[in-house]
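Understanding the architecture of this molecule
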Amino acid sequence: MDSITYRPITDGEYPAFVRALFEGFADDVPDDDFVDLIRTTLPPERTLAAFEGDEIVGTFGGYDLDLTVPGGHIGMEGTTVVTVFPTHRRMGLMSEMMTRHLDSSVANGYAIAGLWASASSIYGRYGYGVASYANTVTMQSRDICFRDGTDIDRVRRISVEDAHEVLPPIFDGVVTATPGMFARTAQWWKTEVLYNAEWTKRGKTAKRIVIHDGRDSPDGYAIYRQQSGESDDGHANGTVHILEVVAVTELAHASLWSYLTNVDGCPNVRSWNTRVDDPLALKLVEPRRVRIESHFDALWILILDVTLALEARSYEHDGAIRFTITNSFRPGTDGSYELIVEDGVAGCSRLDGDTDMEMDVDVLGALYLGGGDTHAYAAADRIRGNVDALGRLHRLFHTARSPWCNQVF
Ligand SMILES: CC(C)(COP(=O)(O)OP(=O)(O)OC[C@H]1O[C@@H](n2cnc3c(N)ncnc32)[C@H](O)[C@@H]1OP(=O)(O)O)[C@@H](O)C(=O)NCCC(=O)NCCS
């Protein structure tokens, strides 16, 4: 549309930008304090807006994130606040903003971009692939019985104010070992994790926090809300809504879950973003009591620079693979590459000549963090190559533990 212009907003335009993005997500802006808070993690220069005249009709933004990958970490452009006004949809505004956003990501040196998708039909066309999954799990506290021999300790409540000091060191002990998680600044803790304003409750309590004390320092925490309720026959029927369980040790993990499944008046327990290989069920007498309510795509990754991205992670085995990448949205990344891992050190370079296999760039993004099933992608004809090459690809990319992104952004 010729009448649309695109640019980052000015500081004075921030309230209008937040209004537009909340409207894009079918909501109202909660309060002015929130606008000031968002500004601290997403400054005006990291936004992009579509304007018609003076009016903002589309929003876009990028967080500077430090993502853990197998054996290391990498800067990631965190694509966020993607909205287009209902009156301007399906006219190409999002695609135009995506092009500009990714051009600036590349100019700023990012080798990957990542996002959470509110609708999973949108982002494949731009080359993002699903790099991590998660589960919403539910259970009834009366059904949860830990196996004999499972060590369980007491946990203790702390205030949200104290959590600003206590939680980050625990989190930092887990984030560097978990591909798919990203580091949090103090501001991020304040704005995204421990923010506890009245409007965020939506029928539940404020956030509550318990920690487990390890030998020398706290080594696990859980953030949750409660929701009171009553059954038809008058019995307490509340719910514990778990927002985050982060544990450095298995003792902390079992102790926190034991507490969360023993809160009086709350027989229902629901944890919305649980890692797919969480060991909780295996610590129970009856694993089936942890029910998977939904299995959903979490972090999507777009590889912007194949060589930089692949050299930033480690591989559990040595080996070599030649592959061709296709990318219809950003043709600059397509072409042939060779990845060689020797003594654990990866080298990736462009290649002339034949390769062992071909895939779209979204599939490379899906495999990047060590998740993704190579053989299933081949069965779906999304990786085209011979069996030997597929085996080598799997051996190289797959990791023993599944990636987990514990936070929406
Ligand atoms: C999703 C949204 C940003 C799309 O904006 P838009 O300006 O209408 O998108 P575009 O016109 O640039 O569409 C680009 C392409 O994506 C497709 N597309 C757009 N939205 C889609 C959707 N929700 N589902 C499937 N395809 C979609 C278009 O059909 C078009 O396809 P084409 O290139 O094959 O013609 C907009 O609908 C919106 O604001 N939705 C509500 C908020 C939201 O869900 N944001 C995403 C947050 S993760």
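What counts, and at which threshold
Residues numbered from 1 in each chain as written. Predicted model: local features only at pLDDT ≥ 70, side-chain atom pairs only at ≥ 80, totals over all residues. Helix = DSSP H or I, 4+ residues; strand = E, 2+ residues; numbered from the N terminus. Rg over C-alpha atoms; globule rule 2.2 N^0.38 Å. Contact = placed C-beta atoms within 7 Å. Domains from an automatic or database assignment. Near = placed C-beta within 6 Å. Nonpolar A, V, L, I, M, F, W, Y, C, P; charged D, E, K, R; others polar. Buried ≥ 20, exposed ≤ 12 C-beta atoms within 10 Å, placed from the backbone. Core = buried A, V, L, I, M, F, W, Y, C linked by C-beta atoms within 7 Å. Pairing = 2+ DSSP bridges. Axes fitted to C-alpha atoms, helices over the stretch in contact; angles between N-to-C directions. Bend = angle between axes of the 7 residues up to and from the residue. Parallel < 35°, antiparallel > 145°, perpendicular 65-115°, else oblique. Left-handed = near helix turned anticlockwise from the far one by under 90°.

1. Some points on the overall build of the protein chain
When helices and strands are tallied, the protein chain shows ten helices and 19 strands. Its C-alpha atoms give the protein chain a radius of gyration of 23 Å, near enough to 22 Å, the size a compact globule of 409 residues would have. A separation of at least 24 residues holds for 72% of the contacts in the protein chain among residues at least 6 apart in sequence.

2. Comments concerning the domain arrangement of the protein chain
Taken domain by domain, the protein chain holds domain 1 (4–110), domain 2 (134–297) and domain 3 (305–397). Computed from C-alpha coordinates alone, the two centres of domain 1 and domain 2 are separated by 31 Å. Each partner contributes residues to the interface: domain 1 has 14 residues there, and domain 2 has 15 residues.

3. Side note on the site of the ligand
The full set close to the ligand counts 17 residues, and Val84, Arg89, Met94, Ser95 and Ser121 are the nearest of them. Elements that contribute at least two residues to the shell around the ligand include exactly β4 (72–84) and α3 (93–107). For the shell around the ligand, the residue count by class is nine nonpolar, six polar and two charged.

4. Brief notes about helix α6 (residues 250–260)
In terms of residue burial, α6 counts as a mostly covered element, since eight of its eleven residues are buried. Listing the buried residues of α6 in full gives Ala252, His253, Ala254, Ser255, Leu256, Trp257, Tyr259 and Leu260. Contacts made by the buried residues of α6 are with β9 (208–213), β10 (218–227), β11 (239–247) and β12 (268–275).

5. Here's the deal with the nonpolar core
Of all hydrophobic cores here, the largest spans 71 residues; its most connected members are Ile112, Ile301 and Ile303. Per-element tally for this core: the top contributor is strand β3 (residues 55–69), with six residues. Met139, Ile209, Ile242 and Val269 belong to the second largest nonpolar core, which has 31 residues in total.

6. So, the pairing of strand β17 (residues 345–350)
Here strand β16 (residues 335–342) pairs with β17 via six bridges, running antiparallel. Paired with Glu338 across the two strands is Ser349, which belongs to β17. Counting the residues in the hairpin turn of β16 and β17 gives two residues, including Asp343, whose phi is positive at 50°.

7. Notes on the sheet that holds strand β18 (residues 357–360)
With mixed pairing, the five strands of this open sheet are ordered in space as β17-β16-β15-β18-β19. Either end of the sheet is taken by a strand with one partner, and the two such strands are β17 and β19 (383–385). Neighbour-to-neighbour, the strand axes of the sheet open up by a mean angle of 25°, direction not taken into account. With respect to the sheet, helix α10 (residues 387–397) is in contact with β15 (319–326), β16, β18 and β19, its orientation differing from that of β15 by roughly 100°.

8. Points about helix α4 (residues 160–175)
Of all the bends in α4, the greatest, near 40°, is centred on Val166, and the proline Pro168 appears no more than four residues after it. Every buried residue of α4 is accounted for by Ala163, Leu167, Ile170 and Val175.

9. Brief notes about the pairing of β12
Bridge count for strand β7 (residues 133–140) against β12 is six bridges, and the pairing is antiparallel. Pairing of Asn135 across the sheet is with Thr274, part of β12. With four bridges connecting them, β11 and β12 associate as parallel partners. Looking at the pairing, Ile242 lines up with Ser271 of β12.

10. As for the packing of helix α2 (residues 32–41) against helix α5 (residues 186–193)
One way to put it is that α2 packs onto α5 with a least axis distance of 9 Å and a crossing angle of 140°. Judged by the angle between their axes, α2 and α5 are oblique. Of the two possible hands of crossing, α2 and α5 adopt the one that is left-handed. The segment α2 lies against α5, with Leu37, Ile38, Thr40 and Thr41 engaging Gln187, Trp188, Thr191 and Glu192.

11. Structural notes on the sheet that holds β11
If you walk across this open sheet you meet the seven strands as β8-β9-β10-β11-β12-β7-β13, and the pairing is mixed. Two strands bound the open sheet, and with one partner strand each, they are β8 (156–158) and β13 (291–297). Geometrically, the sheet is characterised by an average inter-axis angle of 25° between neighbouring strands, direction not taken into account.

12. Quick word on unusual backbone geometry
A negative phi angle characterises most non-glycine residues, just as the trans form characterises most peptide bonds. For Val81, which is not a glycine, the phi torsion comes out positive at approximately 45°. Turning to its location among the elements, Val81 is positioned in strand β4. A residue is classified by how many C-beta atoms lie within 10 Å of it, and Val81, with 23 of them, is buried.

13. Here's the deal with the environment of Asp362
On the secondary structure map, Asp362 appears in helix α8 (residues 361–367). Once the C-alpha coordinates of Asp362 and Ile301 are considered, the two residues, 61 residues apart in sequence, prove to be 7.5 Å apart. Look past the residues within four positions of Asp362 in its chain and what remains in contact with it is Gly124, Gly127, Tyr128 and Gly129.

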